[in-house]
Amino acid sequence: MTRRIVLLAVALVAPLLVTVPASAAPDPILWLCRPGLADNPCEIGLDTTYQHADGTSEVSTLPRPAEDERPVDCFFVYPTVSNDPFLNARRRATPEVRSIAKYQAARFSSQCRMFAPVYRQMTLAGLPGGVIGTDRLAYRDVLNAWNDYLAHDNHGRGVVLIGHSQGSIMLRKLIQQEIDPNPAVRDQLVGALLLGGNVLTAKGSTTGGDFANIPICTEQGQVGCVVAYSTYASDPVIPFFGNAQIDLLTPLVKIKRGPAPREVACTDPAVISGDHREFGVTVPSEPFAPGPISIGIAYSVKLKVPKADTTWVSPPDRYQGACKTIRGTHVFRYDPVGPQSRRPLEFPPTWGTHLFDVNLGLEKLVSIVHQQAEGWTAQHG
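Now for the pairing of strand E4 (residues 72-77). Counting buried positions along E4 gives six out of six residues, so the element sits mostly inside the fold. The alternating pattern of E4 places Val-72, Cys-74 and Phe-76 and Asp-73, Phe-75 and Val-77 on opposite faces, both of which are buried. Pairing of E4 with strand E5 (residues 112-117), which is carried by four bridges, proceeds in the parallel orientation. When the bridges of E5 are listed, Val-72 appears paired with Cys-112. For the crossover that starts at E4, traverses helix H2 (residues 95-105) and ends in the parallel E5, the hand is right-handed. Pairing geometry for E4 and strand E6 (residues 159-164), over five bridges, is parallel.

Written out as structure tokens, the structure reads:
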């Protein structure tokens, strides 16, 4: 029934929207983030205000080596964020695209050289349109950028893949088709953070769903593996993420699935990072560019968007959580710690705290990349 509703919605909406025309000429590569790029949104300051429940705060700055001193690279594919009124976004670094790079990718620049392509993603209007081919244009841009990076920038370096939502879906397909079956390229994979994108494994296994060779991470310091989860601040009732039986994302871009039974992966960032402390949300203090995402952020935090004089801010709300299976849904379920910590609202409903998948416990994710980079570099000299 759910799939029928999606198909009907596409049939009704598609005629009202404009598609981006395909070109016979070779697709150009437009980089949102790349070493040496002027006004790079992945290279903003890393000074951060950490606010406490008692009203005090402290400021610290995450160290960031020069680009040529970072041991590995990161290849980032951003989530559904475009405000364009098309089925596929234009290939432009619009304000909302730059904002999401700051929110989700910039903090990892403390560990790696950042590469992020602008791609003609499926927009909010066109997201159900995998059934009419909107996925092909989006994936083609990501694949072209990946091949361009390997040909001109990689030079045998280790690489971390980072994606969220649609970005994770694109990277699932990229890994499945280009990396998992290729031992040489697979050996360059330092790790992958694929959040909010329903990565699949065979039930009870670390492989066998999306990937035959690349496993889900299970322990601290493990390299060449995938960290994946979706966050929920309350028990999922009609979940959009975490349930392999009602997974709408995998068919969207024609990702091949391993044999049933399957489950959606959930890796506890505390276990993989070795950091079991309470965690908060860390976001840029600059407001997100206007659009549906900024509205969703404001709604999720009940209009109390954190502010500070530093580039980044972490409000006093603190949380603790773990991967749990709830009504067949495998998600990272967390709760506020202390009476003054606020529970975020779901936006959209049934999606959990999807907007904050990356920024919740962001420090743990940065630590995971740091440890994986150290481990990969030690193995490869």
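Resuming the write-up.
On to helix H4 (residues 166-179), then. With 14 residues, H4 should cover 20 Å at 1.5 Å per step; its first-to-last C-alpha distance of 19 Å lies within 8% of that length. A large share of H4 lies buried, amounting to 12 of its 14 residues. Along H4, the residues that are buried comprise Gln-166, Gly-167, Ser-168, Ile-169, Met-170, Leu-171, Arg-172, Lys-173, Leu-174, Ile-175, Gln-176 and Ile-179. Each element contacted by the buried residues of H4 is listed here: E4, helix H3 (134-154), E6, helix H5 (183-186), strand E7 (189-195) and strand E8 (200-202).

Right, let's talk about empty space enclosed by the protein for a bit. Tallied over the entire structure, the rule returns six cavities of 30 Å³ or more. By volume, the largest cavity is sized at about 220 Å³. Elements with a minimum of two residues in the lining of the largest cavity: strand E12 (283-284) and helix H7 (292-300). Residues that form the lining of the largest cavity fall into these classes: 14 nonpolar, one polar and five charged.

This part is about the nonpolar core. By size, the foremost hydrophobic cluster in this structure holds 99 residues, and its most contacted members are Phe-75, Phe-108 and Leu-161. Other than its neighbours up to four places away in sequence, Phe-108 contacts Met-114, Ile-162, Leu-193, Leu-362, Leu-365, Val-366 and Val-369.

Our next topic: the sheet that holds E12. The strands making up a sheet associate through hydrogen bonds between their backbones, and the pairing can be parallel or antiparallel. Taken in spatial order, the four strands line up as E3-E2-E13-E12 in an open sheet, and their pairing is mixed. On the outer flanks of this sheet lie strand E3 (57-61) and E12, each paired with one strand and no other. As judged from the three bridges shared by strand E2 (residues 47-51) and strand E13 (residues 312-314), these two strands associate in the parallel manner. Each residue of the ladder has a partner; that of Thr-48, found in E13, is Trp-312.

Our next topic: the pattern of salt bridges. Counted according to the given criterion, the structure contains 21 salt bridges. A salt bridge links Asp-73 to Arg-157; the shortest N-O distance between them is 2.9 Å. With a gap of 84 residues between them, Asp-73 in strand E4 and Arg-157 in the loop between H3 and E6 connect regions that are remote in the sequence. On the basis of relative accessibility, which here comes to 0%, the residue Asp-73 falls in the buried class. The residue Arg-120 makes a salt bridge to Asp-141 at a minimum N-O spacing of 2.8 Å. On the criterion of sequence distance, the pair formed by Arg-120 in the loop between E5 and H3 and Asp-141 in helix H3 is long-range, its members being 21 residues apart. Side by side, Arg-120 and Asp-141 carry an identical accessibility label, which is buried. Connected through salt bridges with shared partners, the residues Asp-27, Arg-91, Arg-120, Arg-140 and Asp-141 form a single ionic network.

Definitions and cut-offs
- Per chain, residue numbering runs from 1 following the sequence as it is written.
- Selection of residues for local features in this predicted model requires a pLDDT of at least 70, selection of side-chain atom pairs for listing and counting requires 80 or more, and totals for whole chains, interfaces and linings are taken over all residues.
- Calculation of side-chain values draws on the structure's entire complement of heavy atoms; hydrogens and water are dropped beforehand.
- Exposure categories follow from relative accessible area, calculated using a 1.4 Å probe and restricted to protein chains: below 20% of the type maximum is buried, above 50% is exposed, and the middle band is partly exposed.
- Secondary structure elements are taken from DSSP: a helix is a run of H or I of four residues or more, a strand is a run of E of two residues or more, and numbering for both begins at the N terminus.
- We treat two strands as partners when DSSP finds at least two bridges between them.
- Place the viewer so that the strands point away; then a crossover is right-handed whenever the path from the first strand over the helix to the second strand goes clockwise.
- Helix span, expected: 1.5 Å multiplied by one less than the number of residues in the helix.
- Contacts were defined at the residue level, with two residues in contact if any of their heavy atoms lie within 4.5 Å.
- As defined here, a cavity is a set of points on a 1 Å grid over the protein atoms alone where a 1.4 Å probe fits but cannot get out. A pocket is an open set with protein on both sides within 12 Å along at least five of seven lines, and residues line them when an atom is within 4 Å of a point.
- Grid points are joined across faces, edges and corners, and a volume is the space filled by probe spheres set on the points.
- Classification convention: Asp, Glu, Lys, Arg as charged; Ala, Val, Leu, Ile, Met, Phe, Trp, Tyr, Cys, Pro as nonpolar; all other residues, Gly among them, as polar.
- Nonpolar cores are built from buried Ala, Val, Leu, Ile, Met, Phe, Trp, Tyr and Cys residues. Side-chain atoms within 4.5 Å join them into one set.
- Put simply, a salt bridge is a Lys or Arg side-chain nitrogen that is within 4 Å of an Asp or Glu carboxyl oxygen.

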